[in-house]
Amino acid sequence: MGSSILGSITQVIKGKISALILGPAGVGVVNQLTQCFNMFLTLSSLGVPNGISRNIAVHVRDADEVAIRAQFSSTFMFLSGVSLVTSGVGILLSPLISDLLFDDGGERSKLVVLVLLGVPVAVSGLVYRSLLNGTQSVRQLTVARISADVLSVGVFAALVIPFGVPGAALGLVSLHLLYLIFISRGAWSAIKDLSRPRFGAFRWQAVRLNMGFGIHGLVIAATTIFTGLLVSRWIITDLSLAESGIFGVALKVTSVYLGGLYAAANGYYFASIARAQTPEQLAGEIDNAIALYMVIVPPIIVGLMAGGDLIIRVLFSAEFLPVAVVLLVMLPGDALRLVAEIVGQAVLARKHFVLSAAIMLAWAICYVILVRIFMAQYGLIGVALAYLISHAGLMIAMLVAGRAVLGYLPRRSSILFVARGVVLVAATAFAVHEVESWPFKIAIGLAMLVCWVLVSSFDSQFAGYARSSFDILMRRKK
């Protein structure tokens, strides 16, 4: 999670560079290109990374090196071939894709080609990350993430400043190339020869083991990304490209900056719940994850809301100030999305693929319908409201599913963690919206956090997390 926070900081720096050099319209173009890249990455990886992590975690538990090698080598070679074919088809269809993304008659097809060239590289990095997640090689994952993120900032600036949007597209590709270099080196240092793909170790059975997770992951990720592309296209068509850039920055805060925290822990968390052998162990992992996240994420959300005006000016530019208002509506939705993702990962780990996919498809349909209803009346605020309401429904649906198929009910302490976090975030959003001056907004945020800490300190589990964090900081200072 520490590496993810640093990664978020590098994203902030890149966002500042993009805002100053490209402006809202240019950022809108880059956001669409990034979502296009993510869509092809999802299609090329076939949604199997979670399956790889889970199966390797089981093989590690059984100390079966032959199975680990077969799992890694087979999926690496298979997905490499798929990614080359998928990106090649996308390059051939780049004029059509450009028109679908921007309604521009294919004018930006060369930019589409640039980002698609990085898809095979990114797929290889995903497979290596899944390998290290499965073996829970936290140090190597951390070093690779930090090294790639930090170096990519300099590369991004060197490309964007002289070349503009094309430079930003190349910067996206360079990040994944750097990550592949560092993650493969990390895998070699952690598990030596097992991290080298071998043709002789290829087994179709190893590939098929991931297909249940793959089909599910493909459906979920493709649906999520397609939903984002569709909403962005509606904003471009009905509002403007600049408005799309504003909303893209808001999504970057919610889905990238906070999403990085979720993704960093989810790989480790997924392997842990995959190894849980009893319902009690599984419930314990879920409850611990909820508690941990509800200690870390709500204060971050409060900081983003209370300091929104100042943060947007510093990290982007005055042109992006409307983002701060949009975030007041969207960020509470992320507190709810957090609980939904944690329980959803457990449902997925127990191979309830159809149920999980059905819930996510229902969420996507609900989201786009609400966007069409609210955007016509409230513009970008309407889109943010659709985001909040749809994630509230997603959380409820996942909790019901967890009860139905896992027999999981949150412990009283977990419910209190969630309740305190949601109340903190909602109250801060309301209070900040009623205040004009940014110093007063920050003061309100600090007051809310103090009240939250005082109330939470009566919870022994919260106090334990706080003591552990303090002890770690003190040891590092020494």
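Our subject is the structure listed above.
Just so it is clear, the model here is predicted, and its values are computed rather than measured.

What counts and what doesn't
Going along each chain's sequence as written, the residues are numbered from 1 onward. For a predicted model such as this one, the threshold for reporting local features is a pLDDT of at least 70, and the threshold for listing and counting side-chain atom pairs is 80 or more; totals across whole chains, interfaces and linings nevertheless cover every residue. Values shown for side chains rest on all heavy atoms present in the structure; no hydrogens or waters enter the calculation. Numbering goes from the N terminus for both helices and strands, where a helix is a DSSP run of H or I of at least four residues and a strand is a run of E of at least two. Axis definition: a line fit to C-alpha positions, over the contact stretch in the case of helices; interaxial angles, taken between N-to-C directions, run 0 to 180 degrees. Every angle not falling under 35 degrees, over 145, or within 65 to 115 is termed oblique; those three ranges are roughly parallel, roughly antiparallel and roughly perpendicular. Crossing handedness is defined as follows: a turn of the near helix away from the far one that is anticlockwise and smaller than a right angle gives a left-handed crossing, while the clockwise case is right-handed. We call two residues in contact when some of their heavy atoms are within 4.5 Å. Basically, the charged four are Asp, Glu, Lys and Arg, the nonpolar ten are Ala, Val, Leu, Ile, Met, Phe, Trp, Tyr, Cys and Pro, and anything else, Gly included, counts as polar. By definition, a salt bridge exists where a carboxyl oxygen of Asp or Glu is found within 4 Å of a side-chain nitrogen of Lys or Arg. Exposure classes here rest on a 1.4 Å probe applied to the protein chains alone. A residue is buried below 20% of its type maximum, exposed above 50%, and partly exposed in between. Among buried residues, those of type Ala, Val, Leu, Ile, Met, Phe, Trp, Tyr and Cys that are joined through side-chain atoms within 4.5 Å constitute a nonpolar core. What qualifies as a polar contact is a pair of N or O atoms within 3.5 Å, subject to a donor-acceptor requirement within protein and to the restriction that residues adjacent in sequence count only when both atoms come from side chains. Patch membership needs two things, relative accessible area over 30% and no salt bridge, and members are linked within 9 Å if like-charged or within 5 Å if nonpolar (Val, Leu, Ile, Met, Phe, Trp, Tyr). Using the Shrake-Rupley algorithm and a 1.4 Å probe, accessible areas are obtained, with residue cover drawn only from the displayed protein chains.

A.B. asks: Which residues make up the environment of Gly245, and what are the values?
C.D. replies: Relative to the helices and strands, Gly245 resides in helix α11 (residues 241–275). For the pair Gly245 and Val29, spaced 216 residues apart in sequence, the C-alpha separation works out to 7.4 Å.

A.B. asks: Hey, could you go over the packing of helix α6 (residues 119–134) against helix α8 (residues 165–191) for me, with residue numbers and the actual values?
C.D. replies: The relative placement of two packed helices comes down to the angle between their axes together with the axis-to-axis distance. Here α6 crosses α8 at 30°, and the two axes come no closer than 9 Å. When the interaxial angle is binned, α6 and α8 end up roughly parallel. Relative to α8, the crossing made by α6 is left-handed. Residues Val121, Ala122, Ser124, Gly125, Tyr128, Arg129, Leu131 and Leu132 of α6 form the contact with α8, whose own contacting residues are His176, Leu177, Tyr179, Leu180, Ile183, Ser184, Gly186, Ala187, Ala190 and Ile191. Across the contact of α6 with α8, the residue classes break down as 12 nonpolar, 5 polar and 1 charged.

A.B. asks: I'd like to hear about the pattern of salt bridges, residue by residue, with values.
C.D. replies: When the charged atoms of two side chains lie near each other, side chains of opposite charge can form a pair. All chains considered together, the criterion is met by 6 salt bridges. Between Arg337 and Glu341 there is a salt bridge; the shortest N-O distance is 2.8 Å. With Arg337 and Glu341 both in helix α14 (residues 322–349) and 4 residues apart, this pair spans about one turn of that helix. Judged by its relative accessible area of 11%, Arg337 is buried. A residue is classified by how much of its surface remains accessible, and Glu341, at 27% relative accessible area, is partly exposed.

A.B. asks: Just give me the short version of the environment of Arg108, but keep the residues and values in it.
C.D. replies: Looking at where Arg108 falls in the secondary structure, it is placed in the loop between α4 (94–102) and α5 (109–116). Overall, Arg108 belongs to the partly exposed group, its relative accessible area being 21%. Along the backbone, Arg108 and Pro166 are 58 residues apart, and their C-alpha atoms lie at a distance of 9.8 Å.

A.B. asks: Could you give an account of the nonpolar core, with specific residues and numbers?
C.D. replies: Counting 78 residues, the largest nonpolar core has Phe247, Phe320 and Tyr367 as its most contacted members. Take this core: its biggest share by element is 18 residues, from α14. If sequence neighbours within four positions are ignored, Phe320 has contacts with Ala19, Gly23, Pro24, Val27, Gly245, Ile246, Val249 and Ile312.

A.B. asks: Run through the side chain of Ser98, naming residues and quoting values.
C.D. replies: Residue placement: Ser98 occurs in helix α4. In terms of polar contacts, Ser98 uses its side chain to reach the side chain of Asp104, at 2.8 Å. In this structure, Ser98 is in contact with Asp103, Asp104, Gly106, Glu107, Arg108, Ser109 and Val112, ignoring residues within four places of it in sequence.

A.B. asks: Got a sec to walk through a nonpolar patch on the surface? Specific residues and values, please.
C.D. replies: On the surface, a cluster of nonpolar side chains totalling about 600 Å² of accessible area is made up of Val85, Val89, Leu92, Leu93, Leu96 and Leu100. Those elements that provide at least two residues to the nonpolar patch are α3 (65–92) and α4. Note on placement: Leu92 falls in helix α3.

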